[in-house]
Amino acid sequence: MKLALALALTLLTVVGPSLAQDGPRTGGVFKAAMIGEPPSLDLHWTTAVITQQITWHVYESLFTYDKHYSPIPMLAESHAVADGGRRYTIKLRQGVKFHNGKEMTSADVVPSLKRWGKMATPGKAVFKAVEAVEAKGPYEVVIHLKEPSAALLDGLARPNNAAAIYPKEVIDAAGEQQVKEFIGTGPYRFVEHKPDRHIKLARFKDYVARQEAPDGFGGKRTAYLDEILFIPVPDVTVRLAGVETGEYHFAQQIKQDQYDRVKRMRDVEALVIKPSAWSTAVLNHKQGLMTDKRLRQAVQAALDMESIMAAGFGHKDFYRLDPGLMYPEQAQWHSKAAGELFNQKNKAKAQKLLKDAGYAGQPVRWITTKEYEWMYKNALVAKQQLEETGLKIDLQVVDWATLVQRRNKPELWDIFSTGFTFGPEPALITSVQCNWPGWWCHEEKERALEALAKETDPKKRRAHLERVQQHFYEDVGRIKFGDYFTLDVARKDVKNFPALPWTAFWNVWLGR
Amino acid sequence: MALIPVALVVATVAFVLIHMAPGDPGSVIAGPDATPEDVQKLSQQLGLDRPLLVQLFGWYGRLLQGDLGRSIFLRKPVVEAILDRVEPTVLLTLSATFIAILIGVPSGVISARFHNSATDQAFMTLALLGISIPNFLLGLLFVLFFGVWLSWFPVAGYSPLEYGVAQTLRSLVLPSFALGLVQSALIARIARSSMLDVLREQFITTGRSKGLGERAVVYKHAFRNALVPTVTVIGISFAVLISGAVVVETVFNIPGLGRLIVSAVLRRDYPVIQGVVLCIAGVYMLVNLLVDLSYLAIDPRVRYQ
């Protein structure tokens, strides 16, 4: 047996097809190996990233982002602001077709926005400032605000839990429940969902693309592929092996420690997705030990982020120590304000703070999960560092479903592990919200955040954001460990795929 | 008839255990960035905030009408979700059992016939190795050797029968071996020891003394008598394979019952978990019944009143 294997191995030919670089090519069935199944295909319904990654090929919003992460029109033609920033008149593009053949008009846009404002987490945040949404003729929508908001267009442009435009009849049929039909205006239309097998999308032949050249996520979107199959492949080894053997064209979230191996593969390209998210420990400000600011500061003072991040992400190319709430890639927002409080590695200071707080060895309950291995590894190293200062950490390892349920109950924990994924608009990022688990509600931070949401002058907005970041470190809102990047892989015949934080396959073609 | 109380106990235990486990579908659906209020609202809409007893009796009521309820995530009846997944799991289990029998029974019998010889030692060492290797590890090794390095078989996935039997079989080769080899080791050991027991019986000595050839003694007289315990183990191992499919289906990305229950557990899709557990319990009971009935054919001394 062994002999046969060895023989077969030596006989293996390593000559592949030549990969000539050529222009865009139409056709082919694209197979993408995804980490799992989306919890829902209704984009208004969930903040799960995988729902966004799949369905935003099907649905579109009024706005999207250019390459600098500024909002630009998508289904909108243009917009005008009047009444001191309180009235937004959005002109819609004409002739845009839904996948059911119907033309998109304000009769679809108004109920879509209202549903999003009522159901989606970012929708609810944005709609706090909205007084009314009304149609003005078939191709115009007016949004009246209670007060000026700088975050409105960003809210309408963000892809996660997005303000997708559905046909009115789909919304009516759904009532309070999830939509039953998945119809949008995007370059690909929904064909079928066979759970644990695939979600199939096919080119929408009546797609009306924008005329501008592609720019970030906006501009002209082209469906070069005949079909896209999103295949749930939960095992990371199988995802990588599948791309290596040509079973799949693309696989997301490969383990970072495989990077050097992937780089040696002839037909596979390693894609470092940068920025992706930051790894964090969320502190409980509502109940328990961590309501004491000195204890929070002790945790912040003690940690050595380099070893925490190295343990979690394995390879130097996949993490970065940076204090910013926003990422260095977002030059207009990135700041190092209060950066001296990040990565202090100061055990003596931590011990003094613990003593001042009268800490007497009560266990700090930290919930984490192995379902995201880096969360567990980050927590494990942090636990060791904290215990060296005298804190007692009770690390509770549970599955992800348990973690996301328990974190909503403040009586059950002091710290939990999670990641905050990339978001372009600072007023809407989850990491600083007061109503999110951790309940970091801090009077001056709230004021700065509110000013950030209302202000429209970019310079002043930046100053407000820096104040938020200052409070983040001084009050120890959460503990940021560092930025991390993910590793996706694609076959080399996958062309024009941008390694950006949001996976998108329009404008991608299969070469040969 | 005795099956009904067993099914009821299984159903109740499954329901209570799952609901006692922490985690809830609401927070999984709402996603990581949702606020606690959003999650609570969603749970209300899903009817998950009702008292547990109300939910339990509601479920009993539907069960009596043959209704397993609706999946929270798949948005379809549980029965339909299960039927969708039966094909790959049944084929995988059958082919694994086939492999297990094909390898296990002959090697057990040969080992017994050449008891304490080098052949016996070799077979039993292999069997020990087979029992000791977990099937997921074997699966991953197969993926590496036959999928990635040799490219003989696909590394993962399942091709349904409707796309052609050859394709289906090709996609099942690696997972069937990963699943079946472990069981073949078990069957080999049982077949060997029951053969050895039988070979020490007096009627075998009698057979030999009246001049029967060794072949006739071993294959005709001894083998048939050794079949009863072997068939029992095959029956049990078929049932074990159905649940063992959970791991192998995950490794090979096969959309069967195993994957269904794993993803249902991870996202707390209660009706699906209950339905699949009940379904697997039903298969266990059915297989046990079939094994009991097969004794009739194998051993004429067995009579059921």
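Computed from a predicted structure; not experimentally measured.

Asks: Residue-level account of the overall build of chain B, with values.
Replies: Looking only at helices and strands, one finds 12 helices and zero strands in chain B. When the helices and strands of chain B are read in sequence order from the N terminus, they spell out α-α-α-α-α-α-α-α-α-α-α-α. If one aligns the C-alpha atoms of chain B with their principal axes, the spans along those axes are about 85 × 55 × 35 Å. Relative to its full complement of 305 residues, chain B shows a buried share of 48%. For chain B, the share of sequence-separated contacts (at least 6 apart) that also reach a separation of at least 24 residues comes to 71%. Total accessible area on chain B is roughly 14,500 Å²; 70% of this is exposed by carbon and sulfur atoms. On chain B, the mean spot of the 22 positive side-chain charges and the mean spot of the 18 negative ones are 11 Å from each other.

Asks: Go over the pairing of strand β7 (residues 140–145) of chain A, please, and point to the residues and values.
Replies: Residues and elements named next belong to chain A. Among the six residues of β7, five are classified as buried, and the element is accordingly described as predominantly covered. Sheet analysis places strand β5 (residues 87–92) next to β7, joined by five bridges and oriented antiparallel. Residue pairing across strands places arginine 87 opposite histidine 144, the latter belonging to β7. Sheet topology note: the strand β6 (residues 130–135)/β7 ladder contains five bridges and is antiparallel. By the bridge assignment, alanine 132 is partnered in β7 with histidine 144. Turn length for the β6-β7 hairpin, with the two strands adjacent in sequence and antiparallel, is four residues, and the turn residue glycine 137 shows positive phi of about 75°.

Asks: Quick rundown of the environment of phenylalanine 203 of chain B? Include the residues and the values.
Replies: Residue and element names in this part refer to chain B. By secondary structure assignment, the location of phenylalanine 203 is in helix α9 (residues 202–209). C-alpha separation for the pair phenylalanine 203 and valine 217, spaced 14 residues apart in sequence, amounts to 9.6 Å. In this structure phenylalanine 203 touches Val198, His221 and Asn225, once residues within four positions along its chain are discounted.

Asks: Got a sec to walk through the environment of alanine 135 of chain A? Specific residues and values, please.
Replies: Considering the arrangement of structural elements, one finds alanine 135 of chain A in strand β6. Alanine 135 of chain A sits 46 residues away from threonine 89 of chain A along the chain, and the two C-alpha atoms are 9.6 Å apart.

Asks: I'd love a proper account of the domain arrangement of chain B, names of residues and values included.
Replies: Residue and element names in this part refer to chain B. Along its sequence, chain B is organised into domain 1 (3–64) and domain 2 (84–298). The straight-line distance from the C-alpha centre of domain 1 to that of domain 2 is 35 Å. Summed over both sides, the interface between domain 1 and domain 2 buries roughly 1,200 Å², with carbon and sulfur atoms accounting for 78% of that surface. Joining domain 1 to domain 2, the criterion identifies zero salt bridges.

Asks: Could you give an account of helix α15 (residues 458–474) of chain A, with specific residues and numbers?
Replies: All names here are of chain A. Here α15 spans 24 Å end to end across 17 residues, near enough to the 24 Å set by a 1.5 Å rise per residue. Along α15, the residues classified as buried are Arg461, His464, Leu465, Val468, Gln469, His471, Phe472 and Tyr473. Contact partners of the buried residues in α15: β12 (268–283), α9 (293–302), α14 (443–454) and β17 (478–491). At the C-terminal side of α15, valine 476 shows a positive phi close to 55°.

Asks: Go over the domain arrangement of chain A with me, naming the residues and quoting the values.
Replies: All names here are of chain A. With domains assigned, chain A is organised as domain 1 (29–232 + 493–510) and domain 2 (275–486). For domain 1 versus domain 2, the separation of C-alpha centres amounts to 31 Å. The interface is formed by 16 residues belonging to domain 1 together with 14 residues belonging to domain 2. For the domain 1 and domain 2 pair, buried surface summed over both sides reaches about 1,200 Å², with 66% attributable to carbon and sulfur atoms. Of all residues in domain 1, Tyr69, Ala150 and Pro501 give up the largest surface area on contact with domain 2, accounting jointly for 34% of the area buried on that side. Connecting domain 1 to domain 2 are one salt bridge.

Asks: Lay out the interface of chain B and chain A with the relevant residues and their values.
Replies: Facing the 50 residues of chain B at the interface are 54 residues of chain A. Between chain B and chain A, a total of about 4,300 Å² is buried, with carbon and sulfur atoms accounting for 53% of that surface. Of all residues in chain B, the largest losses of buried area upon contact with chain A belong to Pro32, Asp33 and Arg75 of chain B, amounting jointly to 15% of the total for that side. For the interface between chain B and chain A, the tally reads four salt bridges. Between aspartate 38 of chain B and lysine 124 of chain A there is a salt bridge; the shortest N-O distance is 2.3 Å. Across the contact surface, chain B and chain A share 14 residue pairs in polar contact (both at pLDDT 80 or more). Mapped by element, the contributors of at least two residues to the side of chain B that touches chain A are α2 (25–30), α3 (36–45), α5 (78–113), α7 (135–149), α10 (214–251) and α11 (257–266) of chain B. Its residues assigned to classes, the side of chain B that touches chain A comprises 29 nonpolar, nine polar and 12 charged.

Asks: Describe the side chain of threonine 89 of chain A, naming the residues involved and giving the relevant values.
Replies: Residue placement: threonine 89 of chain A occurs in strand β5. Owing to a relative accessible area of 17%, threonine 89 of chain A belongs among the buried residues under this scheme.

Asks: Requested: an account of the side chain of serine 27 of chain B, with residues and values cited.
Replies: Its place among the elements puts serine 27 of chain B in helix α2. By relative accessible area, which is 3% here, serine 27 of chain B ends up buried. Not counting the four nearest positions on each side in its chain, serine 27 of chain B is found in contact with Val404, Gln405 and Asn408 of chain A together with Val39 of chain B.

Asks: Could you give an account of a nonpolar patch on the surface, naming the residues involved and the relevant values?
Replies: A cluster of nonpolar residues, Leu286, Leu289, Leu290, Leu293 and Leu296 of chain B, forms a patch on the protein surface that exposes about 450 Å² of accessible area. By relative accessible area, leucine 289 of chain B is classed as partly exposed at 42%.

Asks: Help me get a handle on the packing of helix α1 (residues 3–20) of chain B against helix α12 (residues 270–298) of chain B, residues and values and all.
Replies: Residue and element names in this part refer to chain B. Where α1 meets α12, the axes come as close as 9 Å, and the angle between the chain directions of the two elements is 150°. One element, α1, and the other, α12, form an angle in the roughly antiparallel class. The hand of the α1/α12 crossing is right-handed. When α1 is examined against α12, the residues Leu3, Val6, Ala7, Val10, Ala11, Ala14, Phe15, Ile18 and His19 are found in contact with a partner set consisting of Tyr270, Ile273, Gln274, Val277, Leu278, Ala281 and Met285. Each residue belonging to the contact of α1 with α12 can be placed in one class, and the counts come to 14 nonpolar, two polar and no charged.

Asks: Let's hear about the state of the cysteines: which residues, and what values?
Replies: Residue and element names in this part refer to chain A. With the rule as written, the count across this model stands at one disulfide over all chains. Through a disulfide, cysteine 434 is tied to cysteine 441; the S-S separation comes to 2.0 Å. Residues cysteine 434 and cysteine 441 are joined through a disulfide that is right-handed, its torsion about the S-S bond being 85°.

Asks: Any chance you could break down the pairing of β12 of chain A for me, citing the residues and the numbers?
Replies: All names here are of chain A. Taking burial as the measure, the 16 residues of β12 include 12 buried ones, the bulk of the element. For β12 and β17, the ladder comprises 12 bridges, and the chain directions are antiparallel. Bridging across to β17, valine 272 finds its partner in leucine 487. Note: β12 against strand β16 (residues 415–421), seven bridges, orientation antiparallel. Bridging across to β16, leucine 283 finds its partner in isoleucine 415.

Asks: Explain the packing of aromatic side chains to me, using residue names and the numbers behind them.
Replies: All names here are of chain A. A full pass over the atoms with the stated rule returns 40 aromatic pairs over all chains. When the centroid spacing of 5.8 Å and the interplanar angle of 85° are considered together, the rings of tyrosine 69 and tryptophan 502 count as edge-to-face. Residue tyrosine 69 is found in the loop between β2 (63–65) and β3 (71–73), and its partner tryptophan 502 is found in the loop between β18 (494–495) and β19 (509–510); the two are separated by 433 residues along the sequence. On the accessibility criterion, tyrosine 69 (10% relative accessible area) is buried. Relative to tryptophan 436, the ring of phenylalanine 416 has its centre 5.9 Å away and its plane inclined at 50°; by these criteria the two rings are tilted. Residue phenylalanine 416 is found in strand β16, and its partner tryptophan 436 is found in the loop between β16 and α14; the two are separated by 20 residues along the sequence. Judged on exposure class, the residue phenylalanine 416 and its partner tryptophan 436 are both buried. Taken together, the aromatic side chains of Trp278, Phe342, Trp413, Phe416, Phe420, Trp436, Trp439, Trp440, Phe472 and Tyr473 make up a single cluster linked through ring pairs. The ring centre of tryptophan 506 lies 3.7 Å from the NZ or CZ of arginine 221, which sits over that ring. The ring centre of tryptophan 440 lies 4.3 Å from the NZ or CZ of lysine 445, which sits over that ring.

Cut-offs used in this document
Residues numbered from 1 in each chain as written. Chains lettered and ligands numbered in written order. Predicted model: local features only at pLDDT ≥ 70, side-chain atom pairs only at ≥ 80, totals over all residues. Heavy atoms only, no water. Helix = DSSP H or I, 4+ residues; strand = E, 2+ residues; numbered from the N terminus. Buried < 20%, exposed > 50% of the residue type's maximum accessible area, 1.4 Å probe, protein only. Contact = heavy atoms within 4.5 Å. Areas by Shrake-Rupley, 256 points an atom, 1.4 Å probe, with all protein chains shown as cover. Lys, Arg positive; Asp, Glu negative; His and termini not counted. Charge placed at Lys NZ, Arg CZ, Asp CG, Glu CD. Pairing = 2+ DSSP bridges. Domains from an automatic or database assignment. Buried area = accessible area lost by both parts, 1.4 Å probe. Salt bridge = Lys/Arg side-chain N within 4 Å of Asp/Glu carboxyl O. Expected span 1.5 Å × (residues − 1). Polar contact = N/O pair within 3.5 Å; in protein donor to acceptor, adjacent residues only side chain to side chain. Nonpolar A, V, L, I, M, F, W, Y, C, P; charged D, E, K, R; others polar. Patch = residues over 30% accessible without salt bridge, like charges linked within 9 Å, V, L, I, M, F, W, Y side chains within 5 Å. Axes fitted to C-alpha atoms, helices over the stretch in contact; angles between N-to-C directions. Parallel < 35°, antiparallel > 145°, perpendicular 65-115°, else oblique. Left-handed = near helix turned anticlockwise from the far one by under 90°. Disulfide = S-S within 2.5 Å. Phe/Tyr/Trp six-rings, centres within 6.5 Å; stacked < 30°, edge-to-face > 60°. Lys NZ or Arg CZ within 6 Å of the ring centre and 35° of its normal.

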